[in-house]
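Coordinate inspection notes
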Amino acid sequence: MLWKVEEIAERRGLDAVVIVSPENVEYFTGVKSLADGVVLLFYDRRRRSTQVYTPLLDYYRYRDSLEASGVEVYGLSKTLKPSDARVVDKDWAELVKSLAGGGKVGLDARFTSPLMGVVMRSLGEYVDVSDDISKYRMVKEDWEIELIKRAVDVTIQGIRAVVDAVDVGVSEAELAGVFEGTVRKMGVEDYAFPLIVSTSPNNSYPHNTPTTAKVKQGDLIVIDVGVRVGGRCSDLTRVVKVGSIPGEFKRLVDVVVEAVSESIDSVQPGVKAGEVAERAIAVMERHGLKERFIHGLGHGIGVVVHEPPYLRVGHETVLEKNMVFTIEPGVYIPGVVGVRIEEDVLVDERGARVLSSSLSRVFEV
């Protein structure tokens, strides 16, 4: 994927490109980024060379991973200098100033990184290439789609295992453990995000973590889980009815199911992301629930679980073939109950292909 950095430099007339977001470095190099990782990728168009700079503690992992790629890897350290490492005796500010060399430099300035502030100050002037990178990342390569499909398939099996384990008296944390154990046995190394398994009323808050709360008769359980396979993510949400649920709970589930279906039906190449979100909101409005839909309709999935395109009202991104994103409408009655159903969708020539279609949206136990 490094050719994409070269292409950005050529198209924008840049002398060099600096990438400091760990997720972007992972996207271009394929080397897994770690939480709060500090890394810098530098492409020099003049020399046609690419270097990666890391703290010394990550140097060997990047060096060994990129050994066959032609990328030069360096560790930054002013004190430790192992004989088998390429060590640069500079701090990050000094390094960036020395690399830039007064040329026209591109930077992924709108992405987050522990280094971003230092790099911006050291460069002074730069060309923001964030949009260029996002456009590449939004439209998936075929091999990326295959990895996402595999992640979805693993997640589906994990959710089925959780549903099978649902019983009165079982805790949210225990059910989360069932998912974790199932997907770990299938070879999963990473989760896409912290797992959510929430009974009512805990699921009335869209983001929550599994607690010791136990499943009750008449409960509605929200399972929101995802994994990473080969560096690409899945993200699925399903609901489980435990016995006979209150009539209002059932109504909310039916409305969310309707919103999912209508939103997916509106997905086509050439349609704006915001227009798809409007379809879901129209469903909520018909049922008097517009104010209870308090988040966006969906987001892209790829190297990380939340990335462009974002399906929100007003977003002008035009959907294209090979974009992959979630469709996840929800309604929330604070302190009472929340309902969310989420599908992973691939845009193809005909419209939306639901990668998670083999999994029932609603379960009854």
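Residues numbered from 1 in each chain as written. Predicted model: local features only at pLDDT ≥ 70, side-chain atom pairs only at ≥ 80, totals over all residues. Heavy atoms only, no water.

Describing the environment of Arg238
Along the polypeptide, Arg238 turns up in strand β13 (residues 236-241). Exposure remark for Arg238: the relative accessible area of 0% places this residue in the buried category. C-alpha separation for the pair Arg238 and Leu319, spaced 81 residues apart in sequence, amounts to 25 Å. Polar side-chain contacts of Arg238 include one of 2.7 Å to the backbone oxygen of Glu342. Within the structure, Arg238 has its side chain in polar contact with the side chain of Glu343 (distance 2.8 Å). (Helix = DSSP H or I, 4+ residues; strand = E, 2+ residues; numbered from the N terminus. Buried < 20%, exposed > 50% of the residue type's maximum accessible area, 1.4 Å probe, protein only. Polar contact = N/O pair within 3.5 Å; in protein donor to acceptor, adjacent residues only side chain to side chain.)

Quick word on the packing of helix α9 (residues 247-265) against helix α10 (residues 273-286)
It is at 8 Å that the axes of α9 and α10 come closest, and there the two elements cross at 150°. When the interaxial angle is binned, α9 and α10 end up roughly antiparallel. As α9 packs across α10, the resulting crossing turns out to be right-handed. Packed against α9, whose contacting residues are Val255, Val256, Glu258, Ala259, Glu262 and Ser263, the element α10 presents Val276, Arg279, Ala280, Val283, Met284 and Arg286 at the interface. Grouping the amino acids of the contact of α9 with α10 by side-chain chemistry returns 7 nonpolar, 1 polar and 4 charged. (Axes fitted to C-alpha atoms, helices over the stretch in contact; angles between N-to-C directions. Parallel < 35°, antiparallel > 145°, perpendicular 65-115°, else oblique. Left-handed = near helix turned anticlockwise from the far one by under 90°. Contact = heavy atoms within 4.5 Å. Nonpolar A, V, L, I, M, F, W, Y, C, P; charged D, E, K, R; others polar.)

A word on the pattern of salt bridges
Evaluation of the coordinates by the stated rule reveals 36 salt bridges. When the shortest N-O distance is used, the salt bridge between Glu307 and Lys140 registers 2.9 Å. Of this pair, Glu307 sits in strand β15 (residues 307-311) while Lys140 is found in the loop between α6 (130-138) and α7 (142-165), placing the two residues 167 residues apart along the sequence. Across this residue pair, the class does not change: Glu307 and Lys140 are buried. Of the charged contacts in the structure, one is a salt bridge between Asp190 and Arg228, with a shortest N-O distance of 3.7 Å. Here Asp190, found in strand β8 (residues 190-191), pairs with Arg228, found in strand β11 (residues 227-229); they are 38 residues apart in sequence, far enough to count as distant. In the salt-bridge network here, residues are joined through shared partners; they are Glu7, Arg11, Arg12 and Asp132. (Salt bridge = Lys/Arg side-chain N within 4 Å of Asp/Glu carboxyl O.)

Examining the sheet that holds β13
Reading across the sheet, the 4 strands line up as β9-β10-β13-β21 and stay open at both edges, with mixed pairing between neighbours. The outermost strands of the open sheet, each flanked by one partner alone, are β9 (196-198) and β21 (362-364). Across this sheet, the average inter-strand angle for adjacent strands is 15°, counted without regard to direction. In this structure, β9 lies alongside strand β10 (residues 220-225), joined through 3 bridges in antiparallel fashion. Counted as the bridge partner of Ile196 is Asp224 from β10. (Pairing = 2+ DSSP bridges.)

Comments concerning unusual backbone geometry
Following Ser200, the chain continues to Pro201 via a peptide bond in cis, the omega torsion being 10°. The step from Pro308 to Pro309 runs through a cis peptide bond, and the omega angle for that step is 5°. In this structure, Arg48 is a non-glycine residue whose phi angle is positive, near 55°. Within the fold, Arg48 resides in the loop between β2 (40-44) and β3 (49-55). Notably, Asn322 is not glycine yet its phi reads approximately 75°, a positive angle. According to the relative accessible area criterion, Asn322 is buried, its value standing at 15%.

What is shown is where atoms sit, not what they do.
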